[in-house]
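# Overview (structure and organization)
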Amino acid sequence: MSLLHHLILYLTLLTVVRGDILRPRFYSQSCPEAESIVRREMKKAMMKEARSVASVMRLQFHDCFVNGCDASVLLDDTPNMLGEKLALSNINSLRSFEVVDNIKEALEKACPATVSCADIIIMASRDAVALTGGPDWEVKLGRKDSLTASQKDSDDVMPSPRANATYLIDLFKRFNLSTKDLVALSASHSIGQARCFSIMFRLYNQSGSGKPDPALETGYRTKLNKLCPLSVDQNVTGDLDATAHVFDNMYFKDLVSGRGFLNSDQTLYTTQETREYVKMFSEDQDEFFRAFQEGMIKMGDLQSGRPGEIRYNCRVANRRPIDVLLES
């Protein structure tokens, strides 16, 4: 087969959604300790820096929304590839990649070339929630790691902190995720922190008005003004909700009270289509937990159908996409 025919076949493969068959306990025979190893390493990370587990959990969102859950977000740039780490929604924002590196190293010692980096993200995200007081659930595994990544693909998909609920509803629909899924999954911001950079416009120039966001509760706005004055280093961080180290429904209670940190969070309460879910979750933590784990499982099912592999190093692809075809 000629190189041209190989290239045509490769481009065709990119359009086929033919993902891996995912199932619980996928590694029960090939690496029976996989899930316990991941949880052990996540506990270590949390003891070293409490914020790190929240950062790892967010990797699932930023990975799965861009060509499916394939660990493309972990790939470093190469001379021939601009990856996702420097995409607009990720640069100076995504962090704790070293936690995934440590998990991968431990898994490679126990079960070489067996557990994908994509599955590590899924397991570690679940563990981040469980270890901070949230629900625990069985995850489906069996993903392959992507051979490439695309900064443009990430820029084209991932929302900014300025996004409103209407935009987010439409975005989630593209991935067969409902409005309820959107609201529940937004509570990934129940733990962790975000930068002043993400809220400066809310504090000083909402919608180009030269004024703060009127949805901000007065006392909370005063607190944020002190944290993020106009002269601040915009990499300074603030807690995303009032219990930033505990996964609970305080995130929703804060939204009801006008104390949402990000515009994309507070807009969930100021928008009619999402407000009732915010109110429901603020009053019923068990219902929130059920909806969150359902949403995480649905998001974890997203796949592109592209050729994949099991990486030895989560930051570097073993092969190029064309190599897979040339070997066939």
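Criteria and cut-off values
Residues numbered from 1 in each chain as written. Predicted model: local features only at pLDDT ≥ 70, side-chain atom pairs only at ≥ 80, totals over all residues. Heavy atoms only, no water. Disulfide = S-S within 2.5 Å. Helix = DSSP H or I, 4+ residues; strand = E, 2+ residues; numbered from the N terminus. Buried < 20%, exposed > 50% of the residue type's maximum accessible area, 1.4 Å probe, protein only. Contact = heavy atoms within 4.5 Å. Domains from an automatic or database assignment. Buried area = accessible area lost by both parts, 1.4 Å probe. Salt bridge = Lys/Arg side-chain N within 4 Å of Asp/Glu carboxyl O. Polar contact = N/O pair within 3.5 Å; in protein donor to acceptor, adjacent residues only side chain to side chain. Nonpolar A, V, L, I, M, F, W, Y, C, P; charged D, E, K, R; others polar. Phe/Tyr/Trp six-rings, centres within 6.5 Å; stacked < 30°, edge-to-face > 60°. Lys NZ or Arg CZ within 6 Å of the ring centre and 35° of its normal.

## Side note on the state of the cysteines
- Applying the stated rule across the entire model yields 4 disulfides.
- Paired through a disulfide, Cys31 and Cys111 show a sulfur-sulfur distance of 2.1 Å. Taking the sign of the S-S torsion, 80° for the link of Cys31 and Cys111, the bridge is right-handed. Within this pair, whereas Cys31 is found in the loop between strand E1 (23-24) and helix H2 (34-48), its partner Cys111 is found in the loop between helix H4 (97-110) and helix H5 (117-131), the two being separated by 80 residues in sequence. As far as burial versus exposure is concerned, Cys31 and Cys111 are alike and both buried.
- One disulfide in the model links Cys196 with Cys228; its S-S distance is 2.0 Å. Sign of the S-S torsion, about -75° for the bond between Cys196 and Cys228, identifies this disulfide as left-handed. You can see Cys196 sitting in the loop between strand E4 (193-195) and helix H9 (200-204) and its partner Cys228 sitting in the loop between helix H10 (218-227) and strand E5 (237-239), a full 32 residues away along the chain.

## Details of helix H8 (residues 179-186)
- H8 sits mainly inside the fold: 7 of its 8 residues count as buried.
- Of all the positions in H8, only Thr179, Asp181, Leu182, Val183, Ala184, Leu185 and Ser186 are classed as buried.
- Elements in contact with the buried residues of H8: helix H3 (51-64), helix H7 (165-173), helix H11 (250-256), helix H12 (263-270), helix H13 (272-283) and helix H14 (285-300).

## Considering the domain arrangement of the protein
- Looking at the protein, the domain boundaries give domain 1 (23-157 + 302-317) and domain 2 (165-298).
- The C-alpha centroid of domain 2 is placed 24 Å from the C-alpha centroid of domain 1.
- At the junction of the two partners, domain 1 supplies 23 residues and domain 2 supplies 25 residues.
- Taken together, both faces of the contact between domain 1 and domain 2 bury some 2,100 Å²; the carbon and sulfur share is 66%.
- Our count for the domain 1 to domain 2 interface comes out at 0 salt bridges.
- There are 5 residue pairs in polar contact (both at pLDDT 80 or more) connecting domain 1 and domain 2.
- Elements supplying a minimum of two residues to the side of domain 1 that touches domain 2: H3 and H5.
- Here the side of domain 1 that touches domain 2 takes 6 residues from H3, the largest share from any one element.
- When grouped by side-chain class, the residues that make up the side of domain 1 that touches domain 2 number 12 nonpolar, 6 polar and 5 charged.

## Some points on the packing of aromatic side chains
- Overall, the coordinates contain 14 aromatic pairs when judged by the stated rule.
- For the pair Phe65 and Phe172, a centre-to-centre distance of 5.1 Å together with 75° between the ring planes defines the contact as edge-to-face. Taken as a pair, Phe65 in the loop between H3 and H4 and Phe172 in helix H7 lie far apart in primary sequence, 107 residues in all.
- Phe65 sits in the buried class, given a relative accessible area of 4%.
- Ring geometry for Phe252 against Phe288: centres 5.0 Å apart, planes inclined by 75°, an arrangement best described as edge-to-face. Note that Phe252 is positioned in helix H11 and Phe288 in helix H14, a separation of 36 residues in sequence.
- Here Phe252 falls in the buried class, since its relative accessible area comes to 0%.
- A relative accessible area of 0% means that Phe288 is categorised as buried.
- An aromatic cluster is defined as three or more aromatic residues linked by ring pairs; in this entry it consists of Trp137, Phe247, Tyr251, Phe252, Tyr277, Phe281, Phe288, Phe289 and Phe292.
- Above the ring of Phe97, the side-chain terminus of Lys85 is found at 4.4 Å from the ring centroid.
- Between the NZ or CZ atom of Arg275 and the centre of the ring of Tyr269, over which it lies, the distance is 5.8 Å.

## Describing the pattern of salt bridges
- One pass over the full model with this rule turns up 22 salt bridges.
- Linking Lys140 and Asp301 is a salt bridge whose minimum nitrogen-to-oxygen distance equals 3.0 Å. In this pair, Lys140 is assigned in strand E2 (residues 140-141) and Asp301 in the loop between H14 and strand E6 (308-309), connecting sequence segments 161 residues apart.
- Judged by its relative accessible area of 28%, Lys140 is partly exposed.

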